[in-house]
Amino acid sequence: MISVSEALSIISNISYTPKATTIALKDANGLVLSEDIHSPIHMPPFRQSAMDGYAVSPNNSNTYEIIGEVQAGSPKDYTLLPGQGVRIFTGARVPESAKSIVIQEKVQRSEDRITVDGEILINQNIRSAGEQIQKGAVALTKGTKLTPAGIGFLAGLGVTEINAYSSPTVAIITTGDELIPPGTELKEGQIYESNSIQLEAALRQLHIKKIQTYVVHDEYEQTKKTIEEAINNHELVLISGGISVGDYDFVKKALTDLEIKELFYKVKQKPGKPLFFGSNDTTHVFGLPGNPASSLTCFYIYVLPIIEKMRGINTSGLERTSKALTADFVKKGDRAQFLKAKIADQSVEILEGQSSSMLYTYAIANALVYIPENINKIPKGDLVETFILPR
Ligand code: AMP
Ligand code: MG
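What this report covers is the structure whose coordinates are included nearby.

Criteria and thresholds
- Residues numbered from 1 in each chain as written.
- Chains lettered and ligands numbered in written order.
- Predicted model: local features only at pLDDT ≥ 70, side-chain atom pairs only at ≥ 80, totals over all residues.
- Heavy atoms only, no water.
- Salt bridge = Lys/Arg side-chain N within 4 Å of Asp/Glu carboxyl O.
- Helix = DSSP H or I, 4+ residues; strand = E, 2+ residues; numbered from the N terminus.
- Buried < 20%, exposed > 50% of the residue type's maximum accessible area, 1.4 Å probe, protein only.
- Pairing = 2+ DSSP bridges.
- Near = heavy atom within 4 Å.
- Polar contact = N/O pair within 3.5 Å; in protein donor to acceptor, adjacent residues only side chain to side chain.
- Areas by Shrake-Rupley, 256 points an atom, 1.4 Å probe, with all protein chains shown as cover.
- Contact = heavy atoms within 4.5 Å.
- Axes fitted to C-alpha atoms, helices over the stretch in contact; angles between N-to-C directions.
- Parallel < 35°, antiparallel > 145°, perpendicular 65-115°, else oblique.
- Left-handed = near helix turned anticlockwise from the far one by under 90°.
- Nonpolar A, V, L, I, M, F, W, Y, C, P; charged D, E, K, R; others polar.

If you walk through the whole model with that rule in mind, you get eight salt bridges. The closest approach of N and O atoms between glutamate 235 and lysine 19, which form a salt bridge, is 3.0 Å. Note that glutamate 235 is positioned in the loop between helix H4 (220–233) and strand S17 (236–240) and lysine 19 in the loop between helix H1 (4–12) and strand S1 (20–24), a separation of 216 residues in sequence. Residue class for glutamate 235 comes out buried when judged on its relative accessible area of 16%. A relative accessible area of 43% means that lysine 19 is categorised as partly exposed. Residue lysine 253 is joined to aspartate 257 by a salt bridge in which the shortest nitrogen-to-oxygen separation is 3.0 Å. Of this pair, lysine 253 and aspartate 257 are both found in helix H5 (residues 251–257), four residues apart, which corresponds to roughly one turn of the helix. Judged by its relative accessible area of 46%, lysine 253 is partly exposed.

Right, dumping it as structure tokens:
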């Protein structure tokens, strides 16, 4: 059995060269760019009006003759003499000879003449060509994680495809003879299988789409065969349950027989003591405890940083913060604990119902409070290390 910090350091020392792939921009939210993207155009591509109003060629007076109109999208150009102007709208191309846009709220119009109220400043309300980015300049750098804003920015430059690190293909294997799928009727002794859908949701939140779920009974040969197939076809394999020491827990033996190199097995923590992590040349394998809260906590603390490496993300797991406890806390036992909690402003409340089999408080938690193994009492108001759960 190793400590949480030893287990986390093994995870953080795993090196992984993420694979790059070309992908349609519309499918790239959350992906990390594997190379710089240069702008193919000036943005904006032309001098653009920032307002609805009048484009004028100033002549030190405040009255102008209006000789035409430019709508957004129109290629029309006008040669304005000093003292002339055109009606113009937001986003429209500003005639070369216009030097200023006067907003319509500052103008009185009478037929083809306007009178401007106030000063006219050169270049006011005009976006210059390439003001946001010049053609050929770096729009986003390698390593940037795409967000909806990033996708919008690149689409605005005309980009349709990008090169990004691909997300791993992931297998989820559930074990347990007591499990039946939700949607069927429970018989005596059975419970609904919930870890696969929970893990799949957590994976999807990390922008992983290639997920395959396998179901095995508590039976050695089938367990081994299924894990072997999953390892051969996926870069990451998450096995739920069957990793403990019960007579019907076959996962550990199967992994040993399949020559998965053990990197750690059993961590001095609550929940999630019987956690396994191992690898072969192609695949990382986690044996997650079957209890639903343990399974999810081990996913967030140990699996998520590995997934980040695979996706080319340069961070080390969940975002951490320090928050003041809302109540005294007393820990029993000598294992480190990850406690379902709720952050509000500068403080954090450890929630009721911490059992590893229970999800009812996890469902409303937004954080996990970490209590190191050597600490047993923390008074209200003291700062505790708190992991923020992805939303
Ligand atoms: P195990 O790790 O296989 O000993 O399972 C520990 C506990 O978690 C048992 O109460 C199981 O019934 C429960 N459990 C295991 N797998 C799942 C699952 N996929 N969904 C819901 N509960 C599970
Ligand atoms: Mg089991």
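Let us look at the pairing of strand S22 (residues 320–325). The pairing of S22 with strand S28 (residues 383–388) spans five bridges and is antiparallel. Across the sheet, threonine 321 pairs through a bridge with threonine 386, a residue of S28. In terms of strand pairing, S22 meets strand S25 (residues 347–350) through two bridges, oriented parallel. Paired with alanine 324 across the two strands is serine 347, which belongs to S25.

Bringing the site of ligand 1 into the picture now. Neighbouring ligand 1 are 14 residues, the closest being Glu178, Glu193, Ser194, Gly242 and Gly290. At a separation of 3.0 Å, a nitrogen atom of ligand 1 approaches a polar backbone atom of serine 194. In the model, an oxygen atom of ligand 1 is placed 2.9 Å from a nitrogen or oxygen of the glycine 290 main chain. About the coverage of ligand 1: the protein hides 78% of its 480 Å² of free accessible area.

Moving on, we get to the environment of glutamine 190. Tracing the backbone through its elements, the reader meets glutamine 190 in the loop between strand S14 (179–180) and strand S15 (191–192). The partly exposed category is assigned to glutamine 190, whose relative accessible area is 24%. C-alpha separation for the pair glutamine 190 and cysteine 298, spaced 108 residues apart in sequence, amounts to 24 Å. In this structure, glutamine 190 is in contact with Glu178, Ile180 and Glu185, ignoring residues within four places of it in sequence. Among the polar contacts listed, one links the side chain of glutamine 190 to the backbone nitrogen of lysine 187, at a separation of 2.8 Å.

The contact between helix H3 (residues 195–205) and helix H6 (residues 292–310) brings their axes to 11 Å, and the two run at 30°. Accordingly, the angle class assigned to the pair H3 and H6 is roughly parallel. Note that H3 runs across H6; the crossing there is right-handed. Contacts between H3 and H6 involve Asn195, Gln198, Leu199, Ala202, Leu203 and Gln205 on the former and, on the latter, Pro292, Ser295, Leu296, Phe299, Tyr300 and Ile307. Its residues assigned to classes, the contact of H3 with H6 shows eight nonpolar, four polar and no charged.

Running from N to C, H1 and H6 point in directions that differ by 15°, and their axes come no closer than 9 Å. The angle between the axes of H1 and H6 places the two elements in the roughly parallel class. You can see that H1 and H6 cross each other, and the crossing is right-handed. Contact with H1, carried on its side by Val4, Ala7, Leu8, Ile11 and Ser12, involves Ile301, Tyr302, Pro305, Ile306 and Lys309 of H6 and no other residues of that element. Across the contact of H1 with H6, the residue classes break down as eight nonpolar, one polar and one charged.

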